[in-house]
Every structure is written in structure tokens, then in C-alpha cells.
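One letter stands for each residue in the lines below.
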Amino acid sequence: MNFNKVEFEMSAGLASQLPPKSKPEIVFSGHSNVGKSSLINKLVQRKNLARVSSQPGKTATINFFDAEEFKLVDLPG
Ligand SMILES: Nc1nc2c(ncn2[C@@H]2O[C@H](COP(=O)(O)OP(=O)(O)OP(=O)(O)O)[C@@H](O)[C@H]2O)c(=O)[nH]1
Ligand SMILES: [Mg+2]
């Protein structure tokens, strides 16, 4: 897996906005504020790819990050 070429693709707030499935998706789910977005940033060694906050509820949409062979998907808590 190459985590060096990851880029933000899109946010979906409604099921109708979800992109068509095109490649494997690695999805990060769990309670709010446990560090899902932080883990994505750590994996790709970037500070601000996924937005992080000390307040729960920072991630409010389903965010897709394209990594060529796969996607990283950041879910709200
Ligand atoms: N101590 C500690 N704090 C962490 C760790 N990972 C993340 N945090 C902190 O936990 C808080 C929440 O991190 P996020 O990555 O925004 O959490 P999230 O699960 O994406 O939260 P939502 O978007 O609300 O679902 C931030 O203040 C982070 O700095 C960790 O491994 N250790
Ligand atoms: Mg988050």
C-alpha cells in the first residue's frame, strides 16, 4: 500500500451523494472523538488531511480520501 499519494476526494452528507464503488475502501468507524481522523493523518504522515478536533463531532460527513489502489473513508462518530 502506498500512503504517500493520498488526496481528499469528496464529502458525502446524504446517501445519494456517495460515490460509485470503484476500488477497495478502508473505513474508519467508532465512537466520536476516539481518534479516527487522527489515525488517518498518522497513517499518511500528514497533519491536516483529515480534520481533527478535541471536541466530539468534528467529522460530520463521510469523507473519502483517494489512495490510488484503494480509498480511506473517515466516518462521523
Ligand atoms: N491521547 C491521545 N489523544 C488522541 C489520540 N488520537 C487522537 N487524539 C485526540 O483525540 C481528539 C479527537 O481526535 P479525532 O481524530 O478528531 O477523533 P474522531 O474519532 O475523528 O472524532 P469525530 O470526528 O468526532 O468522530 C483530538 O483532540 C486528538 O488530538 C491518541 O492516540 N492519544
Ligand atoms: Mg473525525
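Residues numbered from 1 in each chain as written. Chains lettered and ligands numbered in written order. Predicted model: local features only at pLDDT ≥ 70, side-chain atom pairs only at ≥ 80, totals over all residues. Heavy atoms only, no water.

Asker: Sorry, what's going on with the site of ligand 1 here?
Answerer: Around ligand 1 sit 17 residues, and of these S32, K36, S38, G57 and T59 come closest. For ligand 1, an oxygen atom lies 2.6 Å from a polar atom in the side chain of K36. The backbone of S53 places a nitrogen or oxygen atom 3.2 Å from an oxygen atom of ligand 1. Protein chains bury 62% of the 660 Å² of accessible surface belonging to ligand 1 in isolation. Grouping the amino acids of the shell around ligand 1 by side-chain chemistry returns four nonpolar, eleven polar and two charged. (Near = heavy atom within 4 Å. Polar contact = N/O pair within 3.5 Å; in protein donor to acceptor, adjacent residues only side chain to side chain. Areas by Shrake-Rupley, 256 points an atom, 1.4 Å probe, with all protein chains shown as cover. Nonpolar A, V, L, I, M, F, W, Y, C, P; charged D, E, K, R; others polar.)

Asker: Where do I start with the coordination of the magnesium ion (ligand 2) in this structure?
Answerer: Ideal geometry at a metal centre gives angles of 109.5 degrees when four donors are arranged tetrahedrally and 90 or 180 degrees when six donors are arranged octahedrally. Around the magnesium ion (ligand 2), the protein contributes the donor atoms S37 (OG) and T59 (OG1), at 2.0 to 2.1 Å from the metal centre. Of this pair, S37 sits in helix α1 (residues 36-44) while T59 sits in the loop between α1 and β3 (62-66), placing them 22 residues apart in sequence. An identical accessibility class is assigned to S37 and T59; each is buried. (Donors = N, O, S within 2.8 Å, 3.2 Å for Na, K, Ca; no water. Helix = DSSP H or I, 4+ residues; strand = E, 2+ residues; numbered from the N terminus. Buried < 20%, exposed > 50% of the residue type's maximum accessible area, 1.4 Å probe, protein only.)

Asker: What is the right way to look at unusual backbone geometry in this model?
Answerer: One can expect most non-glycine residues to show negative phi and most peptide bonds to be in trans. Although it is not a glycine, N33 adopts a positive phi angle of roughly 75°. For N33, the location among the structural elements is in the loop between β2 (25-28) and α1. On the basis of relative accessible area, N33 is assigned to the partly exposed category, the value being 44%.

Asker: Just checking my understanding: could you explain the layout of surface pockets for this structure?
Answerer: Think of a ball as big as a water molecule: rolled over the atoms, this probe shows where empty space is left. There is about 210 Å³ of room inside the largest pocket. Surrounding the largest pocket, 14 residues form its lining, F8, S11, R51, T61 and N63 being those nearest its centre. At the level of elements, β1 (7-12) and β3 are the ones that each hand at least two residues to the lining of the largest pocket. Grouping the amino acids of the lining of the largest pocket by side-chain chemistry returns five nonpolar, six polar and three charged. In this model, the second largest pocket occupies a volume close to 160 Å³. (1 Å grid on protein atoms, 1.4 Å probe; cavity = no way out; pocket = protein on both sides within 12 Å on 5 of 7 lines; lining within 4 Å. Points joined across faces, edges and corners; volume = space filled by probe spheres on them.)

These values are about where atoms sit, not about what they do.
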